[in-house]
Amino acid sequence: MASAAGEAPPGPCRGEIGLQVWVESHQLVPGLLAPAVLLGAALGAGAAFLLGFCVIRPLLRSKQDDPQRLLESFHSDLHGHLDENVLSRRKKKRETEMSEEEMPLADGSSNPSLHENPKQAVLPNQIIETSTSSSLGSLTHAGKEDCSSSTTIHSATSDDRFQDRTFQKVTCFPEILTCESFDVKLCLYSLLLKDLLLLDTELRKEKQVVYMQVLKTYLYDFYLKKKITEDLYQNIILTEETDLEELQKQLTSRLLSTEMSGARNSEYQTLEDLERREREYSEHIIDNMEAFWKQADKAEQFLLSQSNCSSAKRGKIMMNLTEKMIAVEGLLSQSQDLQTMDIQEKLFNWELMVKTTDFLKTKIQVESKCRLDAVAGILDQLTMKSNLSLSQKEELLTGLHKAFWEQVAHYNNECVQQSKDLIVKLLACRARKIEELKQAQKDEQGNLSEARKIRHLDEFLKACHEMFEKQRQALHDLEEEDDCQSTEAIAELHQELCSGTSHALDGLVQELFLQILPTKTGMSLRECELLKEECLENLILQLEKWDSCRQKQWKLFQEQLQQEKQLWTKEYALSAVMQKHLSEKYEKIIQGVLRRLGGLSEESAEYILRKHRLLLSAVLRRLAVRNVAMAILTHMKMSQKKSLLQELREQHALQQSSSHCQDEHHWQLQKAMESHILEEEERLEEETQQTHLDFHQQLVAEIQEALQLVQQHMEQVIGRALLQHARQEATKQSSEDGEDFKERLIEAVVESVYVTSNGVERLVQSYYQQIERIMDGHDNRKLQQLKSLQAEITERNRVRKKQENERILKEKMNQGTLNMSSAVHQRMLLRQQKFLAQFDVQQQVRLDSVKQKILVLHHLEAQLENQLKQAEQDFITELAALARIPLPVRKQPLNGSLPSGKGQKTTRKNSHSWEKEDSGDINGR
């Protein structure tokens, strides 16, 4: 026992002895210690580098980067036609987000359900950009992190590159169903702009068609009454139709040139391109409108000059024609308002359909994630029960994840390719149906000439407008029905492909539980079947959670649509107020001008007033379309920020509903996120208001230019009216001055023995020289007074601008002392009032300048008229004296003096009424 007890344990002693022998058998040499340490360190570093580079790094990269490479290659195949800059930008964004959301492929415990862990595995075609409907991997990302991080909407989109970012050009809604979710909103808004342009084109076409029919009605009536010849009738019609076609060709050419200019290619466009294009569109259309006015006036003047009608009858015709076109403008304006609201409503229907397809696109990704989560949970249980080792669990999950990945990638590829093929077929069918409908409508329009001969003009105009309205509504209904059918077809395709992929994923899970696990774990088949059923129950629970998440997203999405509808309603209200304000204001201006002119008959003044209403209504109707286009551009510029803000709201709502029992830290994060959302909402509202203000200033400038065209055209109309009035007055005055006496004087001069040819020739030559001196003096006085007036106006404008600059500087100094945190809408209101005030002042200055110029010209005209009359009276007096013929006593001498600064302009009331209309007159048609 003693010997046994004294023996050392064999294992440990043997190890210690061996170690002691090894140490003792190797004596250290101090001189070689330093080189040995350095050599060992170098060999160790080299071995570590080779091991990490050749073995560990490839394993890790194959484990972690294969999914990313598959995702990148998938997106590369899907979007290989994208602009290189856009693709690199999006690729960089995907890599950044994926690096932030790295997840182990094998550790099932770190990949729980959708709402419990934001670190989810990214599957193929999982959209992790700014699409709220398909960004499932990032739905709860912000809630688990600090909500007050530096990543904000402002910092994400304040870059000016958003203006240069390209997005796909689309011609109709079905094409959007294959677009990237990030581009969908921009594509939808671009379609709205396209529909607005088409609406404007259709209304302009209707106006020209109706105008031609009205003109033909008057021409046909003149022809029947033998007031114009058949050749003239045909010539006017042919000329007008040719000129209108030429105007439309010129406009189409200019619009096409604008469409192609500045475009990088034919498939993609930028927001900057759209803004430039819409601005140039508006300019071209306003120019076309002005050309149409000139052409219409030219045709009317030619018709009236060639017809055998009295001046009263011609005035009546012009008044009636203007009234009919005013009625047409009213119908077009009502139709435009309704159609514009229909276009806006169409946007919301499109968004609903896109949202539906987006949910279907992401369904298989969500199901795959949920299946992986459910399987990972079961394998975790087996690992905890020691039925599986950790390495076996990782191996199984890695293989299953790769198999899922391949199935989902195949599903995505098939969805993209088959969707594009299906859309091509649907668009071909759509184009065929639209072509057939338009051909039928064209044939219906061809029967207008037949209807013109058998109906009254007012009834014809109403029936014509109703026909065009019916045709536009038919086309709208056809496109809307086709949009719904296309969406349903795409949805059915996704459902079919999703069902097949889901069946394949279920087969992979069954293979795992019924074939692989029994072999790996030694468990019975029945036990594995029970595990599979438990996995299915977990899957159902997670899919129910996802469905609840989807319903919350849908609710938030509908709330967002309601808010946007309210914004559009506000835009329409503001546009209506602006049109009413401008209409009333310029109605008062033209009435004031007519009052100050004087001399015109009541009928002429009423015609000028109605002509102004016609031109102004046409301009305001066009500017209303421009205002809607600017509102759409504003929404486009804010679309990305709105999408990000909506995603934040969804994340916040989902996190609030994901856990009812929240700890203090989670509650603080929620409050921080609420504060963050409020800040972003305020910032978005302020930037939206600023963008809207920028467009509003641009619209005001365009309104001023358009109204300047109206003013110029009305100056010509008023000038023609004044000229016609002057001719009538001259004719009347000539008659009142005694044509009979002049005829008797001529007869007496011819028979007088006191008159010689040399004497008469001397008097005539002297009279002509006097007339020439009078005209030269008039031209000189006119030039000098206009120069003096212009200098006076320039000096007055300089003083006014100086005072205005001083006032603005004083206002800025006062604003510096105001509270800088005042509400945005108050600042906007003040700026708007300032712009309107400046606009009114500028218009008043122009009006005052025109008034002064008119007064000067009237005074000069009166002087010229008096001098010419005096010269004529002197000639008559000398001629009568030469023939020794007594002159009659006149009640009012021709050389009567004029009041200072005023011409002999008197307002003459109409001494005769309009001629009674013939039986079967124009209004009876």
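Computed from a predicted model, the values in this text were never measured in an experiment.

A. Just the overall build of the protein chain, in detail. Counting its regular elements, the protein chain contains 20 helices and two strands. Buried positions account for 42% of the 925 residues belonging to the protein chain. The contacts of the protein chain with a sequence gap of at least 6 include a subset with a gap of at least 24, amounting to 84%. When the accessible surface of the protein chain is summed, it comes to about 50,300 Å², and 55% of that surface belongs to carbon and sulfur atoms.

B. Fine view of the packing of helix H10 (residues 271–306) against helix H11 (residues 311–384). One can describe the packing of H10 onto H11 by two numbers: an axis separation of 11 Å at closest approach and a directional angle of 150°. Between H10 and H11, the interaxial angle falls into the category roughly antiparallel. Judged by the sense of rotation from one axis to the other, the crossing of H10 with H11 is right-handed. Seen from H10, the contacting residues are Glu300, Gln301 and Leu304; seen from H11, they are Arg314, Ile317, Met318 and Leu321. Looking at the contact of H10 with H11, its residues break down into four nonpolar, one polar and two charged.

C. A look at helix H14 (residues 457–521). When the terminal C-alpha atoms of H14 are compared, their 93 Å separation across 65 residues agrees well with the 96 Å that a helix rising 1.5 Å per residue should span. Once H14 ends, the next one or two residues include Gly522, with phi positive near 75°.

D. Layout of the nonpolar core. Grouped together as the largest cluster of nonpolar side chains are 109 residues, with contacts concentrated most on Phe173, Ile176, Ile608, Ile632 and Met636. Of all the elements, helix H8 (residues 181–224) adds the most residues to this core, at 19 residues. Residue contacts for Ile608: discarding those within four places in its chain leaves Leu594, Leu600, Met714, Val717, Ile718 and Ala721. Within the second largest apolar cluster, 33 residues are counted, among which are Val375, Leu397, Cys498 and Leu512.

E. A look at the packing of aromatic side chains. Applying the stated criterion across every chain yields a total of nine aromatic pairs. On the basis of an interplanar angle of 55° and a centroid distance of 6.4 Å, the ring pair of Tyr220 and Tyr233 is categorised as tilted. Of the two residues, Tyr220 sits in helix H8 while Tyr233 sits in helix H9 (residues 230–260), which places them 13 residues apart along the sequence. Tyr233 sits in the buried class, given a relative accessible area of 10%. Each ring, one from Phe359 and one from Trp554, has its centre 6.2 Å from the other, and the planes form 50°; the classification is tilted. On the criterion of sequence distance, the pair formed by Phe359 in helix H11 and Trp554 in helix H15 (residues 525–597) is long-range, its members being 195 residues apart.

F. Local environment of the pattern of salt bridges. Under the definition given, this model contains 40 salt bridges. A salt bridge links Asp200 to Arg204; the nearest nitrogen and oxygen atoms lie 2.6 Å apart. Of this pair, Asp200 and Arg204 both sit in helix H8, four residues apart, roughly one helical turn. Residue Asp200 is classed as buried on the basis of its relative accessible area, which comes to 6%. Owing to a relative accessible area of 9%, Arg204 belongs among the buried residues under this scheme. Through salt bridges with shared partners, one network takes in Asp297, Glu300, Lys611 and Arg720.

G. Structural detail: the state of the cysteines. Evaluated as defined, the whole model comprises zero disulfides. Between Cys187, a free cysteine, and Cys179, which holds the nearest cysteine sulfur, the sulfur-to-sulfur gap is 4.1 Å.

H. Region of interest: the confidence of the model for the protein chain. Confidence along the protein chain averages 75 in pLDDT terms, with 73% of residues attaining 70 or more. Predicted confidence is poor over residues 891–925, with pLDDT under 50, and the contacts of this stretch with residues over four places away or in other chains come to 57 contacts.

I. Main features of unusual backbone geometry. In this model, Ser386 sits at a positive phi of 65°, which is unusual for a non-glycine residue. Looking at the secondary structure, you find Ser386 in the loop between H11 and helix H12 (390–445). The exposure class assigned to Ser386 is exposed, which follows from its relative accessible area of 62%. Unusually for a residue other than glycine, Arg884 sits at a positive phi of about 60°. Positionally, Arg884 belongs in the segment after helix H20 (824–883).

J. Seen up close, a positive patch on the surface. Positive charge collects at one region of the surface, where Lys194, Lys205, Lys438 and Lys442 lie side by side. At the level of elements, H8 and H12 are the ones that each hand at least two residues to the positive patch. Structurally, Lys438 is set in helix H12. Residue Lys438 is classed as partly exposed on the basis of its relative accessible area of 45%.

K. Here's a closer look at the packing of H12 against H14. One can describe the packing of H12 onto H14 by two numbers: an axis separation of 9 Å at closest approach and a directional angle of 165°. On the basis of their axis angle, the class for H12 and H14 is roughly antiparallel. Relative to H14, the crossing made by H12 is right-handed. Of the residues assigned to the contact of H12 with H14, the class counts are 28 nonpolar, 11 polar and 10 charged.

L. Region of the structure containing the environment of Cys370. Mapping Cys370 onto the fold places it in helix H11. Once the C-alpha coordinates of Cys370 and Trp546 are considered, the two residues, 176 residues apart in sequence, prove to be 9.0 Å apart. In this structure Cys370 touches Leu539, Gln542 and Leu543, once residues within four positions along its chain are discounted.

M. Fine view of the environment of Met260. As for its placement among the helices and strands, Met260 is situated in helix H9. Judged by its relative accessible area of 54%, Met260 falls in the exposed class. Counting along the chain gives 17 residues from Met260 to Arg277, while the straight-line C-alpha distance between them is 9.3 Å.

N. Spotlight on the environment of Val593. Locating Val593 in the fold gives a position in helix H15. For the pair Val593 and Ile718, spaced 125 residues apart in sequence, the C-alpha to C-alpha distance is 10.0 Å. Each residue touching Val593, except ones within four places of it in the same chain, is listed here: Ile718 and Leu847.

About the cut-offs
- Residues numbered from 1 in each chain as written.
- Predicted model: local features only at pLDDT ≥ 70, side-chain atom pairs only at ≥ 80, totals over all residues.
- Heavy atoms only, no water.
- Helix = DSSP H or I, 4+ residues; strand = E, 2+ residues; numbered from the N terminus.
- Buried < 20%, exposed > 50% of the residue type's maximum accessible area, 1.4 Å probe, protein only.
- Contact = heavy atoms within 4.5 Å.
- Areas by Shrake-Rupley, 256 points an atom, 1.4 Å probe, with all protein chains shown as cover.
- Axes fitted to C-alpha atoms, helices over the stretch in contact; angles between N-to-C directions.
- Parallel < 35°, antiparallel > 145°, perpendicular 65-115°, else oblique.
- Left-handed = near helix turned anticlockwise from the far one by under 90°.
- Nonpolar A, V, L, I, M, F, W, Y, C, P; charged D, E, K, R; others polar.
- Expected span 1.5 Å × (residues − 1).
- Core = buried A, V, L, I, M, F, W, Y, C linked by side-chain atoms within 4.5 Å.
- Phe/Tyr/Trp six-rings, centres within 6.5 Å; stacked < 30°, edge-to-face > 60°.
- Salt bridge = Lys/Arg side-chain N within 4 Å of Asp/Glu carboxyl O.
- Disulfide = S-S within 2.5 Å.
- pLDDT = per-residue confidence, 0-100.
- Patch = residues over 30% accessible without salt bridge, like charges linked within 9 Å, V, L, I, M, F, W, Y side chains within 5 Å.
- Lys, Arg positive; Asp, Glu negative; His and termini not counted.
- Charge placed at Lys NZ, Arg CZ, Asp CG, Glu CD.

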